Amino acid sequence: VISQKASDMNKNLDDAYKVLVNYCIQTFNSVNTKWRDISSLADITFQTNLAMAFGAKSLQFYLYRATSGDAGIVNKTTQNPTIMYPWVQEANRQAQLLAPVILSFDWVGAKTFKGSQISSENTAEGFDKVASKQLEKFTFIKEVDARLDTVISEMQDKSGNKGYMVVNFSEPSLGQTDYVT
């Protein structure tokens, strides 16, 4: 989970020093660690969309070579791309489609919503990390009902226009569709 602290740092640095903070997207499988492995395109787009919802202005993808098996983007022995390579390409393509819109706004903040029908036990831990820095209310959104755990961010352009980004915060591998009203 991208922490609110990192998002605040991104905004503060961007405002004060005109620099961008990169968010590194996990694009490798971990060998002998507790990290969750990447098993689909949804795992990567979940990270990119969540990073943008928390104010990211720049995303980074490392193209690791596998040290054993197909743990990385490129197989160490054959030098051929693994199954993750096209996933990273597609996630990057999707992020680039959103970039002109996202980059025209300044991040204001985000708010998390527990799912009304389905909520993950693991979500509470992730939401706890951002709860103390959440927006108390949105400018134009008065009420939210989300079927699954959801993150909504508010942004503002130089003319004062508001923009919102909605991200399904449920486990990507479950393939669940969120409905937000």
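Residues numbered from 1 in each chain as written. Predicted model: local features only at pLDDT ≥ 70, side-chain atom pairs only at ≥ 80, totals over all residues. Heavy atoms only, no water.

Draft legend 1. Representation of the overall build of the protein. A tally of helices and strands in the protein yields 4 helices and 5 strands. Secondary structure elements of the protein occur, N-terminal to C-terminal, as α-β-α-β-α-β-α-β-β. Buried residues in the protein amount to 40% of all 181 residues. Considering only contacts in the protein between residues 6 or more positions apart, those separated by 24 or more positions represent 62%. When the accessible area of the protein is evaluated, it comes to approximately 10,500 Å², of which 52% is carbon and sulfur surface. (Helix = DSSP H or I, 4+ residues; strand = E, 2+ residues; numbered from the N terminus. Buried < 20%, exposed > 50% of the residue type's maximum accessible area, 1.4 Å probe, protein only. Contact = heavy atoms within 4.5 Å. Areas by Shrake-Rupley, 256 points an atom, 1.4 Å probe, with all protein chains shown as cover.)

Draft legend 2. Seen up close, the environment of V166. Positionally, V166 belongs in strand β5 (residues 162-168). Not counting residues within four places of it along the chain, the set of residues in contact with V166 comprises T150, V151, I152 and V180.

Draft legend 3. Structural detail: the side chain of K57. For K57, the position within the fold is in the loop between α2 (41-53) and β2 (58-61). The buried charged residue K57 lacks any salt bridge, with D106 as its nearest oppositely charged partner at 4.3 Å. Looking at K57, its side chain comes within polar contact range of the main-chain oxygen of F105, at 2.3 Å. (Lys, Arg positive; Asp, Glu negative; His and termini not counted. Salt bridge = Lys/Arg side-chain N within 4 Å of Asp/Glu carboxyl O. Polar contact = N/O pair within 3.5 Å; in protein donor to acceptor, adjacent residues only side chain to side chain.)

Draft legend 4. Representation of the side chain of T150. Mapping T150 onto the fold places it in strand β4 (residues 150-156). For T150, a relative accessible area of 0% puts it in the buried group. Within the local environment of T150, its side chain forms a polar contact with the backbone oxygen of L148, the two atoms lying 2.8 Å apart. Among the polar contacts listed, one links the side chain of T150 to the side chain of D178, at a separation of 2.5 Å.

Draft legend 5. Quick peek at the nonpolar core. L50, F54, V151, M155 and M165 are the most contacted members of the largest nonpolar core, which has 14 residues in total. Sorting elements by how many residues they give to this core places α2 first, with 3 residues. Every residue in contact with M165, bar those within four places of it in the chain, is listed here: N49, M52, A53, L98, I102, V151, I152, S153 and M155. (Core = buried A, V, L, I, M, F, W, Y, C linked by side-chain atoms within 4.5 Å.)

Draft legend 6. Region of interest: the packing of aromatic side chains. Taken as a whole and assessed by the stated rule, the structure comprises 3 aromatic pairs. With a centroid separation of 5.7 Å and 45° between ring planes, the pair formed by F46 and F169 is classed as tilted. One end of the pair, F46, is in helix α2; the other, F169, is in the segment after β5, and 123 residues separate them in sequence. With a relative accessible area of 7%, F169 lands in the buried category. Judged by centre distance (5.6 Å) and plane angle (85°), the rings of F138 and Y164 are edge-to-face. Placement of the pair is F138 in the loop between α4 (121-131) and β4 and Y164 in strand β5, with a sequence separation of 26 residues. Of the residues examined, F138 reaches a relative accessible area of 5% and is grouped as buried. With relative accessibility at 28%, the residue Y164 sits in the partly exposed group. Three or more aromatic residues link up through ring pairs in this structure, and these residues are F113, F138 and Y164. (Phe/Tyr/Trp six-rings, centres within 6.5 Å; stacked < 30°, edge-to-face > 60°.)

That is the geometry; function is a separate question.
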